[in-house]
Amino acid sequence: MLKAKILFVGPCESGKTVLANFLTESSDITEYNPTQGVRILEFENPNVTSNNKGTGCEFELWDCGGDTKFESCWPALMKDAHGVVIIFNPDIPSHRKEIEMWYSCFVQQQLLQDTQCLLIAHHKPGSGGDTGRLSLSPPLNKLKLVHSNLEDDPEEIRKEFIKRNFPICQKVPVSQRVDSYHLFSVLGSDTNWMNICYVCSSSSC
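Throughout what follows, the structure given in this document is the object of discussion. (Residues numbered from 1 in each chain as written. Predicted model: local features only at pLDDT ≥ 70, side-chain atom pairs only at ≥ 80, totals over all residues. Heavy atoms only, no water.)

## Looking at the overall build of the protein
In terms of regular secondary structure, the protein is built from 4 helices and 9 strands. Ordered by position in the sequence, the α and β elements of the protein form the string β-α-β-β-α-β-α-β-β-α-β-β-β. Put simply, the protein has 205 residues, and 48% of those count as buried. In the protein, 71% of the contacts between residues at least 6 apart in sequence involve partners at least 24 apart. (Helix = DSSP H or I, 4+ residues; strand = E, 2+ residues; numbered from the N terminus. Buried < 20%, exposed > 50% of the residue type's maximum accessible area, 1.4 Å probe, protein only. Contact = heavy atoms within 4.5 Å.)

Structure (structure tokens):
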């Protein structure tokens, strides 16, 4: 089984948890509850291949809290990440500036390639937001940008996520789990996905 660790990062109230829950077919969110630290969700896709081998891929989505008070935990979150998804709300003007910081910290400073980064403009239900080309400053304007609208076309974002096929999948034994986190609670599981919540064990968090 191939394995990919993908970080979901971005400003507060951008829709990271909503998208992570959707992709993993987890429970719907009825009210906003800021993510404290990180949530880790997993799902498998049998259609992702590497070197023409149809082995499938286990995606590990790290839904990272958008509050900068967790900045001391970021190095642990970044460890061994294969890709980064930066999520923002295009209807909040400040988000377009804030995502420059997220790109700098989680992509540039980690020496990841732009091909390992996906930019998602998430439109909340009822926003009626423009899904056209957004005006973003360099180097964000060079990134792959997709619009997410779970109300009008929910499956489009799932297709884009899988189609992106980050150059990241690698064979890793399932037993090799994160060593800087400890299991806090298992929120739910079935044969296709697991929803697991970890909290940082470092005193700095």
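## Some remarks on the environment of histidine 122
Mapped onto the secondary structure, histidine 122 falls in strand S5 (residues 117–122). Sequence separation between histidine 122 and proline 90 is 32 residues; the distance between their C-alpha atoms is 6.9 Å. The residues contacting histidine 122, other than those within four sequence positions of it, are Ser14, Gly15, Val18, Leu19, Ile87, Phe88, Asn89, Pro90, Ser148 and Leu150. There is a polar contact of 3.0 Å between the side chain of histidine 122 and the side chain of serine 148. (Polar contact = N/O pair within 3.5 Å; in protein donor to acceptor, adjacent residues only side chain to side chain.)

## Brief notes about the side chain of serine 14
Relative to the assigned elements, serine 14 resides in the loop between strand S1 (2–9) and helix H1 (16–23). What makes serine 14 buried here is its relative accessible area of 0%. A distance of 3.3 Å separates the side chain of serine 14 from the backbone oxygen of isoleucine 87, its partner in a polar contact. With residues near it in sequence (within four places) discarded, serine 14 still touches Ile87, Phe88, Asn89, His95 and His122.

## A word on the packing of aromatic side chains
Taken as a whole, this structure holds 7 aromatic pairs when the rule is applied. Three or more aromatic residues joined by ring pairs form one cluster here, namely Phe8, Phe43, Phe59 and Phe161. Arginine 158 extends its terminal NZ or CZ atom over the ring of phenylalanine 22, reaching a point 4.4 Å from the ring centre. (Phe/Tyr/Trp six-rings, centres within 6.5 Å; stacked < 30°, edge-to-face > 60°. Lys NZ or Arg CZ within 6 Å of the ring centre and 35° of its normal.)

## Comments concerning the pattern of salt bridges
Scanning the model with the defined rule gives 6 salt bridges in all. Residue lysine 3 pairs with glutamate 58 through a salt bridge whose shortest N-O separation is 3.3 Å. In this pair, lysine 3 is assigned in strand S1 and glutamate 58 in strand S3 (residues 57–64), connecting sequence segments 55 residues apart. Accessibility classification places lysine 3 together with glutamate 58 in one group, the buried group. In this structure, the salt-bridge partner of arginine 158 is glutamate 155, at a minimum N-O distance of 2.9 Å. Pair noted here: arginine 158 and glutamate 155 are both in helix H4 (residues 154–164), with a separation of 3 residues, about one helical turn. (Salt bridge = Lys/Arg side-chain N within 4 Å of Asp/Glu carboxyl O.)

## Focus: unusual backbone geometry
Omega for the bond connecting proline 138 with proline 139 falls within 30 degrees of zero, at 0°, which places this linkage in the cis form. With respect to the helices and strands, the residue proline 139 is situated in the loop between S5 and strand S6 (144–148). A positive phi is found at aspartate 80, a non-glycine position, where the angle reads about 60°. Along the chain, the position of aspartate 80 falls in the loop between helix H2 (74–78) and strand S4 (83–88). Residue leucine 111 is not a glycine yet carries a positive backbone phi of 60°.

None of this, on its own, says anything about what the molecule does.
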